[in-house]
Amino acid sequence: MDAIFLQILNGLDKGSAYALIALGLTLIFGTLGVVNFAHGALFMIGAFVAVTLSKVLAISKVVLDPERLDFLGNPAKIKTPYVIEWFGSFGEWMIDYTIPLSLLLTIPIMIIIGVVMERGLIRHFYKRPHADQILVTFGLAIVLQELIKIFFGSEAVPMQTPDTFTGALDIGIWFGFNPGSVIYPYWRLVYFFFAAVVIGGVFSFLRFTTFGMVVRAGMADRETVGLLGINIDKKFTIMFGVAAAVAGTAGAMYTGVNQPVFHMGMDFLVLSFVVVVVGGMGSLPGAVAAGFLLGVLESFASMPGVKNAFEAIGLPSIDQIIIYLVAVIILLVRPRGLMGKVGVMEE
Amino acid sequence: MKKRMNDKLLILIFSVVILAFPLILAPTGAAYPDLMQRFAIYGIFAIGFNILFGLTGYLSFGHAAFLGVGSYAAMWMFKLLTMNIFPALILSVLIAGIFSLLIGFISLRRSGIYFSILTLAFAQMSYNLAYSVLTPLTNGETGLQLRLDDPRVLDTVVDAGSLPSTNLFGLEMKHVFWNPEILGYNLQFNYGFYVCAALLILSFYISVKIFRSPFGMMLRAVKTNQTRLNYTGISTRPYTLAAFVISGMFAGLAGGLLATMDPLAGADRMQWTASGELVLMVVLGGSGTLIGPVLGAIFIRYFNSVLSQINEFTLHAWFSFGPEWMTNLLVSIVDPFVGEGWELTLGALFMLVVTFLPGGLVDGGQRVGRWITGANRRAAKAREA
Amino acid sequence: MSNFKVNRRGLLKSGAVIGAGVAMPTIFTASSAAAYTNEPTGGTVTLGFNVPQTGAYADEGADELRAYQLAVQHLNGEGDGGMMNTFSSSELQGNGILGKQVVFVTGDTQTKSDAARASAQSMIQKDGAVMITGGSSSGVAIAVQGLCQEAGVIFMAGLTHSNDTTGKDKKANGFRHFFNGYMSAAALAPVLEARYGSDRNAYHLTADYTWGWTQQESIAAATEAVGWNTVANVLTPLTATDFSSYIAPVLNSGADVLVLNHYGGNMINSLTSAVQFGLRDKMVNGKQFEIVVPLYSRLMARGAGENVKGILGSTNWHWSLQDEGSKAFVQSFGQAYGFPPSQAAHTVYCQTLLYADACQRAGTFNPCGIAEALEGFDFDGLGNGPTHYRGSDHQCFKDVLVVQGKENPTSEFDLLEVVEVTPRAQVEYAVDHPMFAGGALGSCNDGS
């Protein structure tokens, strides 16, 4: 029982990342009709905004200490970060809280990147076939990923979560489990709540603001809204920025879950596309639901007991293929995914 | 009538150019057997994919799986039966055909991006399984290789200490039969390349025939407006499925040839990025055109191999003509785009081509051609006046 | 007369078909009469450095390239000579190899067997490389080793840790200086027993591919021999990026040791998850819970950050070693690049020197001569103590380092500390050991 509860938590946590990326993908697709293969790269760039901030905060004053020697026999360099030098304990707090602080940077930077991307590249592809959109954004994804590799190398960059949120919480006792049987890392819980807030925020933004209403109307019938004299293009550009910011903040926060590495965007890209399609192209609730559903299924599939059971019926390593298998089954049973609309992306 | 003549001429020119590769490519540094064979093999792969994507518009992200299956099938023939490539190639085409029939039958129930994701899902499942659980069949991470103790029931062992070579009724694929020195280039003519070239020309011929046939017309109609076809009472699925299986068999042939020229079948070649690369080849060259896919395949293979082998020292040698600061400046500008940065260059190149040359290299060539003939015409007009 | 070559076996069965080919005039037959593949005829000899430049192991590949360039400089008599001065064999004079200047070509393996073979092929066929070396994963090393065997050039393996490289996939033309899964396990087990006792329950997470399996098999056998019990072995997909769902079941499994048979990004992520779940602070059956990473690399340790502190593993070499060879190498590498070399850099530097020395001693670049010179070769001064290149499987035998993540690193490179140098005798095994059985070296191929 405790094992299942743990895997539900794991699934929700994995699902958070899937859902956030899929949400942005669906927003872009729903508003602009563009299939954005560079969306994983936006997630990755968000993560590296956090990395950059941590590097900036770590810029240090170097003092040579003749007492100690480095590996070549030269005097060792003693480094003190300038922020600590200048701000003392507040500087230490800033270094400790690098990841949450980076959100302040990530949001504006990602909106700018998103808007530049849309105005500079994507808008030339509205009338082009989806295959061309996929290819050009795929090319962009490679370029962004390789640029990050040039600056940060190919190995993962270690990032630390704030001390308060490091370690694990005995969450099981709240639900009546024995103490110590269901413990779960703080930061993963933070990540889940963060995802819930962002998803809730995006939905209420679209539901309760005039801007959101126009965007939703535009998603339903772009031409008519345009005829009403509303500059829908501008609003859609902003939505692209919002989608980029959702992906970027998801990436920045993810650096506390797993260490960021230059190919993390590609790792998520295929899965998030599967998520979007399983949810149904163009459906925001579908994308979120499918994200969490596949996250939970993936977690269950990796339990030793489940793996053994599937192996016994001749399906070994079910955890390797579960997402794809589920995607195939859902698409065959429900032609347009869980909540897809008729006629979207079927041409 | 004129069209038929044109096709014959096209095939003839195509054949001559391909057969003369060891000579033509010498100045480019690509005229060594392994790369030329890959040109031809990926050309076949792209021609096949073009029959599906170029004609029907169905974007499959799973064709690398058929290539991989073809390779595994060929390797098993080499291991179990004989090093003669003839049965191996036949089996790889057949197995890939059956495999693509199964996947196509299911995937083609959907269209658009749903189809793409279904093929992607099947391909990723194949890749993941080939890498891990299917290791007894695929040798997983390491890839399936020949071993000294393979049975090879039809072959007689000649030298127990070394592995036999793939051959076509005795002609060893890797054997260089002519190695002349022409214009200062050391040319290598080997059997393997000519086997690949012959099959590439055959594939090209088949592709021309399909493009010109009523079947090809029907596939184009699917791309233009499938709904209308359905309303007129025509079921398009048999046609698209046929195109899918044909392109799968081409992929199987390419996979078999890869194993033939270099006896190893690795799971990597089934990964979705390998399918993505195939799509890029076809689009880069010009999808829906006859010659485009082959051009795209050659282009990408060439860049892949040449760019990745340039290092800082090569650059220094190239740019050593000027003063030292200029050399250093040029090297530091170019260095991020070659060697470990070759993927960056390739990515940027795709973006440029897709943005500015929607019809691919063929489109670019035609534009240049029109520009030149246009310029001629203008010049002629100017002379008249 | 004609050296037109046909496969004799094929000829026997299909003589009639081949008739036309045999009748080809001699002008069309190969003109070069080289004694072996890519015999160097000018004043230079070309080596092929085939390392991952893109993909997940690109940093390791970059470090290997640095070491190769250093080795080439030293061979050609530039720089301070590095380990050439401490190497027990004094054949190398700093005038290239056999008087020929050493030049090199580089390529990208992409950590894919296909791409690695294509890249090696182009070095052999286009650039005339007489030796191929490199690689940062076992799959690639084994694939390229097979290619070199068929092409008739020597392959000096880089970082490859699978038992299979010199086990069931060993080749007469391939040589490995790096250690392997069996040696890691044999070196680690006694230390684990001394530190954590002989009454332990181990839970294994294993990367689901060949290297992971051989590593797991080795370490399970070695720890069971000291009395440990293997509770479970769960295979994880290579493509997994988040290991939380594999770590969570460990919590209540009753195990008190977690063994992570992972490498690279897999290891960084699985270790991070394990630490997040508080496994290191956990007490099970009154014992402190422990994590073990059998194969360590400093570059990976850097990626995992704080999480490696106090965690045991093994490594082939570490820059903090104080023997003359290691000191000379670290000095020379550090002067050139400003940071200490990784174990990948060390092993490829050694391999290049060993190859050059073997050519020198054999007096030829012929792969068969070199193989003969390397087989059974005993040497010292390359940082691992007295080392033996075993002739029957082309595996080097030397001391193995057991290391631990350092609690208080003094610099960004100072992440691991050596806790024990396991003597060579303890990690040796018979050539027909079951974990290495099933392959045959074959006979050396010089491509003639």
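### Some words on the interface of chain C and chain A
On the side of chain A, 37 residues touch chain C, which itself brings 39 residues to the contact. Residue assignment for the side of chain C that touches chain A shows that the elements contributing at least two residues are helix H3 (58–75), strand E7 (229–236), helix H8 (244–251), helix H9 (264–276), helix H10 (298–304) and helix H11 (324–337) of chain C. Tallying contributions element by element places H8(C) first for the side of chain C that touches chain A, with 6 residues. When its residues are assigned to classes, the side of chain C that touches chain A shows 19 nonpolar, 15 polar and 5 charged.

### Observations concerning the domain arrangement of chain C
Residue and element names in this part refer to chain C. What the domain assignment lists for chain C is domain 1 (1–31), domain 2 (44–179 + 319–393) and domain 3 (182–315). Each of domain 2 and domain 3 has a C-alpha centre, and the two are 30 Å apart. Domain 2 puts 14 residues into the contact, and the matching count from domain 3 is 14 residues. Among the elements of the structure, H3, helix H5 (138–151) and helix H12 (343–362) are those that each provide at least two residues to the side of domain 2 that touches domain 3. Taken together, the residues of the side of domain 2 that touches domain 3 break down into 4 nonpolar, 7 polar and 3 charged.

### Notes on the pairing of strand E11 (residues 290–295) of chain C
Residues and elements named next belong to chain C. Among the 6 residues of E11, 6 are classified as buried, and the element is accordingly described as predominantly covered. Where strand E8 (residues 257–261) lies against E11, 3 bridges are found, and the strand directions are parallel. Considered in E11, the bridge of Val257 is made with Glu290. Pairing analysis gives 2 bridges linking E11 to strand E12 (residues 312–315), with the strands arranged parallel. In the strand pairing of E12, Leu295 is matched with Ser314. Read as a crossover between parallel neighbours, the route from E11 over H10 to E12 is right-handed.

### Description of the pairing of strand E1 (residues 44–51) of chain C
Residue and element names in this part refer to chain C. In terms of burial, E1 is a largely internal element, 6 of the 8 residues being buried. Pairing analysis gives 8 bridges linking E1 to strand E2 (residues 101–108), with the strands arranged parallel. Within E2, the position partnered with Thr46 by the bridge is Val103. The β-α-β motif built from E1, the intervening H3 and the parallel element E2 has right-handed crossover chirality. Examined bridge by bridge, E1 and strand E3 (residues 131–134) share 3 bridges and lie parallel to one another. Bridge assignment links Leu47 to a residue of E3, and that residue is Met131.

Thresholds applied
Residues numbered from 1 in each chain as written. Chains lettered and ligands numbered in written order. Predicted model: local features only at pLDDT ≥ 70, side-chain atom pairs only at ≥ 80, totals over all residues. Contact = placed C-beta atoms within 7 Å. Helix = DSSP H or I, 4+ residues; strand = E, 2+ residues; numbered from the N terminus. Nonpolar A, V, L, I, M, F, W, Y, C, P; charged D, E, K, R; others polar. Domains from an automatic or database assignment. Buried ≥ 20, exposed ≤ 12 C-beta atoms within 10 Å, placed from the backbone. Pairing = 2+ DSSP bridges. Right-handed = clockwise from strand over helix to strand, strands pointing away.

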